[in-house]
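Okay, here's what each chain looks like letter by letter:
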Amino acid sequence: MRARSIGPVLGFAVLLLAPWGNGQSLDVAVKTARGEPIEGLELWVRAADSLGFERFGTATDAAGRVQLPASEVARSIVFQAPGWGSRVERVLAAQSQLTVVLAEVTPISFVIKAPAGYDLPSGVRPSIYWEGVGGDAWLSIQNGLRTSDPDAFSVVPVVPVEWSKSAARFEISFPPAHPKAFLLLHEPGFLQAFHVAIGGSEAVAELKEKVEEFPGIELVAPVLSEITLPAPASLSVTFAPRDGTSPSYEACGVELGLAVTLPPTDRWFFTIDKSPFQETGFERSWTDLTPGQYQVAAHTGRPEDRWSGEGLVFNDRRAVTVKGEETARVAIEWEPFDTNRFAGDHRAVVQVSTHSGKPAQGASYRLTTYDNRYGQHTVREGRLDDEGQVTLEGLAGGEGVARLTFNVDLMRLGELTLGAGNSKEHRFDFSLPPSIGDSAPDLELTELKSGEIVHLADYRGEVLYLDFWATWCGPCQGPMAHSQEIVTRRATDWKGRARIIGLSIDDEIETLRSHVETKGWTDVHHLFASDGEPGWGSRAAEIYGIHGVPTALLIDASGKIIWRGHPANFEIEKAIDDLLKGSGD
């Protein structure tokens with residue numbers, strides 16, 4: 001998401017018209033410890049359902065107040081001004097007032113030096129981010145949305161002091177106490193996506209002690225850190241049909257991502273470049289990459305169709321490590337998908353029962369396979385007979401056979417393993433997981449806040465929205481943030497009658513606890529799947545047939561499952577209210 005740079009007076013007017021609100025406003029007072037207004041104030045705002053922060057110029061009145069439109073979702077707001085310690089505040093959707101006090105601090109300087117043999121671009125300016133908000137900083141540069149934009153998202157204002165071809169000095173105003181800080185420099189054409197830790201509160205305090213040991217030396221822009229940039233690396237990628245093959249596509253493209261570990265442990269691939277080509281091959285080179293590990297993905301078709309699953313769109317990913325002043329090369333070839341790989345002389349009989357043990361008669365099935373380059377492919381499909389069976393003839397078997405997944409009504413039940421043993425006759429028995437109309441099976445779980453063992457049946461009598469998720473799951477984060485926002489508003493209305501539960505299938509409960517506290521999602525009732533093996537091997541995932549997250553269920557007060565599916569676009573709040581009304585509550 002690209003930030004909007006708006007002048008101070010105009011910015012105030014645009015804020016009032018921003019498309020978040022419901023006609024109300026959030027009244028914010030930003031002051032010094034003495035109650036005085038702060039000049040040069042900037043606000044960065046991120047709604048819970050958006051990616052990255054957006055910058056708005058602000059105009060405050062004589063009392064240091066500014067108005068933001070009310071929001072239907074929670075927001076995080078960064079307050080910053082040169083010479084003042086920045087603050088990050090989380091604002092709830094229903095909140096109408098907020099007072100922020102910024103502490104006056106002495107600016108601290110740091111120096112960025114160009115690598116030997118290279119000139120530092122004029123106007124170069126890095127961003128500073130704190131542990132816990134690194135994703136927003138990286139999203140501000142992802143996919144070339146921003147180059148050397150001085151308005152790049154930074155939780156601390158970065159003020160240029162002096163520049164030469166060999167080095168540049170900047171001032172930053174750290175608050176008295178802050179998390180570990182990181183520097184991000186993104187200068188396409190010179191050096192892309194360089195990042196490094198520059199210390200935390202301890203480093204700043206230590207620096208002040210050293211300076212204060214020498215009377216007469218003023219604490220004016222002391223050198224916090226001198227950072228010498230690495231020499232850029234080069235990467236060349238080629239893509240073409242394999243010799244002797246005729247391409248069945250007319251367009252292709254490439255995507256380049258950098259592997260980044262965001263503090264404390266989150267690992268991401270951030271998109272550095274996406275380039276489409278209206279032809280059957282390409283050669284693409286980069287000469288300005290930060291040394292590190294990258295992922296190259298070449299694909300056929302248009303970028304918007306890349307994950308459509310239609311027409312067997314080709315995707316091939318390669319990991320590559322690039323080093324400074326060296327050129328790494330990656331060559332990727334296309335070849336047509338071989339549909340004959342599934343043909344053979346093996347026979348499989350599949351029996352499917354409902355969760356209650358009855359034959360799943362007439363249910364639709366799909367036999368699919370997943371290929372790392374061609375994605376998901378349907379091998380067979382149809383309907384089960386009156387006995388809940390299907391006989392699949394002419395399948396390939398033996399060593400090296402493709403893995404086949406059996407799905408019923410879009411739910412993954414398991415794999416058909418046709419490679420084991422010498423027999424060409426196979427039988428598989430599957431049971432559907434609990435679904436709409438079934439009673440929700442009880443589970444033994446660990447409550448996050450208390451650490452006590454609880455049972456899902458303990459909540460019988462309440463409407464439950466049960467969201468299976470994990471901290472490492474990217475698509476799970478938005479729905480969980482949305483659930484947090486709903487619970488924050490409706491906790492009083494729903495107390496004792498309805499509950500939103502996040503059921504984590506993470507491997508360790510401490511990972512869940514740290515993630516929830518960092519995100520501020522503490523109003524959701526969090527449970528940990530502690531019974532059985534960790535993660536996917538937990539009894540909760542096994543009993544409920546969870547093969548992908550997020551997966552959610554709506555359970556009424558009697559324990560019957562009303563809905564099951566992906567939480568995206570599901571109107572949780574309305575569904576819960578409708579159930580409460582229907583029960584007479």
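Position numbers for residues count from 1 along each chain, tracking the sequence in the order it is written. Two thresholds apply to this predicted model, a pLDDT of at least 70 for residue-level local features and 80 or more for giving and counting side-chain atom pairs, whereas whole-chain, interface and lining totals are computed over all residues. Based on all heavy atoms of the structure, the side-chain values leave hydrogens and waters out of the count.

Asks: Please explain the nonpolar core as it appears in this structure.
Replies: One finds Ile128, Trp138, Leu235, Phe406 and Leu416 to be the most contacted residues of the largest nonpolar core, which totals 88 residues. Considering every element that reaches this core, the biggest residue donor is strand β16 (residues 252–262), with six residues. Contact criterion: two residues are considered in contact whenever any of their non-hydrogen atoms come within 4.5 Å of each other. Every residue in contact with Ile128, bar those within four places of it in the chain, is listed here: Phe110, Ser154, Val155, Val156, Val158, Ile172, Phe174, Ala181, Phe182, Leu183 and Ile198. Throughout, nonpolar core names a set of buried Ala, Val, Leu, Ile, Met, Phe, Trp, Tyr and Cys residues whose side chains join them through atoms within 4.5 Å. Using a 1.4 Å probe on the protein chains alone, a residue whose accessible area is under 20% of its type maximum counts as buried, one over 50% counts as exposed, and one in between counts as partly exposed. The next biggest cluster of nonpolar side chains, apart from the first, holds 49 residues, and it includes Val463, Met480, Ala541 and Leu580. Where helices and strands are cited, they refer to DSSP runs of H or I of at least four residues and of E of at least two residues respectively, numbered from the N terminus.

Asks: Where do I start with the side chain of Thr368 in this structure?
Replies: Take Thr368: it is sitting in strand β23 (residues 364–371). Overall, Thr368 belongs to the buried group, its relative accessible area being 4%. Side chain to side chain, Thr368 and Asn407 meet in a polar contact 3.2 Å long. Setting aside chain neighbours within four positions, we find Thr368 in contact with Gln376, His377, Thr378, Val379, Arg403, Leu404, Thr405 and Asn407. The definition of a polar contact used here is a pair of N or O atoms within 3.5 Å, where within protein one atom must be able to donate a hydrogen and the other to accept one, and adjacent residues in sequence count solely through side-chain atom pairs.

Asks: Explanation requested: the sheet that holds strand β22 (residues 343–353) in the structure shown.
Replies: Pairing between sheet strands relies on hydrogen bonds along the backbone, with the strands arranged either parallel or antiparallel. In this analysis, strands are considered paired if DSSP registers two or more bridges between them. Sheet architecture is open: three strands sit in the order β25-β22-β28, paired in mixed fashion. Two strands bound the open sheet, and with one partner strand each, they are β25 (389–395) and β28 (425–431). Pairwise comparison of adjacent strand axes, ignoring direction, gives a mean angle of 20 degrees for this sheet. Relative to β28, β22 runs parallel, the two sharing seven bridges. To get an axis, fit a line to the C-alpha atoms, keeping to the stretch in contact for a helix; angles then go from 0 to 180 degrees between the N-to-C directions.

Asks: Would you mind showing me how to read the packing of aromatic side chains here?
Replies: Two aromatic rings are characterised by how far apart their centres lie and by the angle between their planes. Only Phe, Tyr and Trp rings are paired, with Trp represented by its six-membered ring, and only when their centres lie within 6.5 Å; those with planes under 30 degrees apart are stacked, over 60 edge-to-face, the remainder tilted. Within the structure shown, the criterion is met by 19 aromatic pairs. Seen from their ring centres, Tyr249 and Trp334 are 5.2 Å apart, and the 70 degrees between their planes marks the pair as edge-to-face. Here Trp334 lies in strand β21 (residues 327–334) and Tyr249 lies in the loop between β15 (233–241) and β16, a separation of 85 residues in the sequence. The class of Tyr249 is buried, set by a relative accessible area of 8%.

Asks: Can you help me understand helix α4 (residues 474–494) in this one?
Replies: Note on helix geometry: an α-helix contains 3.6 residues per turn, so any two residues three or four positions apart are oriented the same way. A helix is expected to reach a length of 1.5 Å times the quantity of its residues less one. Helix length check: α4 (21 residues) gives 28 Å between terminal C-alpha atoms against 30 Å at 1.5 Å per residue, within 8%. Its maximal kink placed at Thr488, α4 deviates by approximately 45 degrees. Those residues of α4 that sit buried are Cys476, Gln477, Pro479, Met480, Ala481, Ser483, Gln484, Glu485, Ile486, Val487, Arg490 and Trp494. Against the buried residues of α4 lie β6 (84–91), β31 (463–469), β32 (498–504), α5 (509–519), β33 (525–528) and α7 (572–582). Looking one or two places after α4, you find Gly496, whose phi comes out positive at around 75 degrees. We define the bend at each residue as the angle formed by axes fitted to the 7 residues ending at it and the 7 residues starting at it.

Asks: Looking at this structure, I do not really get α7. What am I missing?
Replies: All buried positions along α7 are accounted for by Ile572, Glu573, Ala575, Ile576, Asp577 and Leu580. Buried-residue contacts for α7 involve β31, α4, β32 and β34 (551–555).

Asks: Any chance you could explain the environment of Glu415 here in plain terms?
Replies: Here Glu415 shows up in strand β27 (residues 411–416). For the pair Glu415 and Phe430, spaced 15 residues apart in the sequence, the C-alpha separation amounts to 9.9 Å. Each residue touching Glu415, except ones within four places of it in the same chain, is listed here: Arg403, Leu404, Thr405, Phe428 and Phe430. Reaching out from Glu415, the side chain makes a polar contact with the side chain of Arg403 at a distance of 2.5 Å.

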